[in-house]
Amino acid sequence: EMSVIEYFLKDAQVNDKIGSEIDIAAFQGKATYAASTANSMKETPAGFRTLWKAGAGLATPTVKTITTGPIDKTNAVDKLETMYTSVDEAMQLMGLAIIVSFKTYNNFRMNYHSAFNNSATEEMIMGSTYTGARFHLGAGKTYVIPFAGMGNDDSVIMTPLSNLAYLYDIDSAF
């Protein structure tokens, strides 16, 4: 028989695994459809990255693409600043979620520390279970947020903070 503690630990681990799978599917989904046991979850939905790439490829693009080259621990702050300042001013005023991989997030934090001789403030975002670092531009309304679904590359997605409501959040999952 399982103890109460074992039950809650197992329950938390299952929810964490489900959350990670949804996070990956939300970003990397390939939209092959025909959901079945033959397709993994991330191959079934149209993920955000798929939708954004399609939006950037339209004759009249609905997504702005900025090419900066590789992002590493020596240039992450500069690259994110370049991308942020190219975003429409109205979006900057709303506050942005700068969505990155954990690799890019760690590079940003290391570069931030060496550039400003200080640590980026890390906090919970908008009362959700997302944590991220407050970005130094944008009057404190913008955050750099790592997502498992971004994989291990250095692509960056900037979107209004309100779009976080469409992503997996442990609290809303319950």
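In what follows, the structure referred to is the one given above.
The sections below set out a description of the structure shown in this document.

1. A closer look at the overall build of the protein chain
Okay, so step 1: Across its full length, the protein chain carries six helices and five strands.
Okay, so step 2: Secondary structure elements of the protein chain, listed N to C terminal, follow the sequence α-α-α-α-β-α-β-β-β-β-α.
Okay, so step 3: A buried classification covers 34% of the 174 residues belonging to the protein chain.
Okay, so step 4: The contacts of the protein chain with a sequence gap of at least 6 include a subset with a gap of at least 24, amounting to 59%.
Okay, so step 5: Carbon together with sulfur atoms contributes 57% to the accessible area of the protein chain, which is approximately 10,200 Å² in total.

2. What to know about the pattern of salt bridges
Okay, so step 1: Under the criterion given, the structure shown has two salt bridges.
Okay, so step 2: One salt bridge connects Arg109 with Glu122, and the closest N-O pair in it is separated by 3.5 Å. Taken together, the residues Arg109 in helix 5 (residues 102–116) and Glu122 in strand 2 (residues 122–124) connect sequence positions 13 residues apart.
Okay, so step 3: For Glu122, a relative accessible area of 44% corresponds to the partly exposed category.

The rules behind these values
- Residues numbered from 1 in each chain as written.
- Predicted model: local features only at pLDDT ≥ 70, side-chain atom pairs only at ≥ 80, totals over all residues.
- Heavy atoms only, no water.
- Helix = DSSP H or I, 4+ residues; strand = E, 2+ residues; numbered from the N terminus.
- Buried < 20%, exposed > 50% of the residue type's maximum accessible area, 1.4 Å probe, protein only.
- Contact = heavy atoms within 4.5 Å.
- Areas by Shrake-Rupley, 256 points an atom, 1.4 Å probe, with all protein chains shown as cover.
- Salt bridge = Lys/Arg side-chain N within 4 Å of Asp/Glu carboxyl O.

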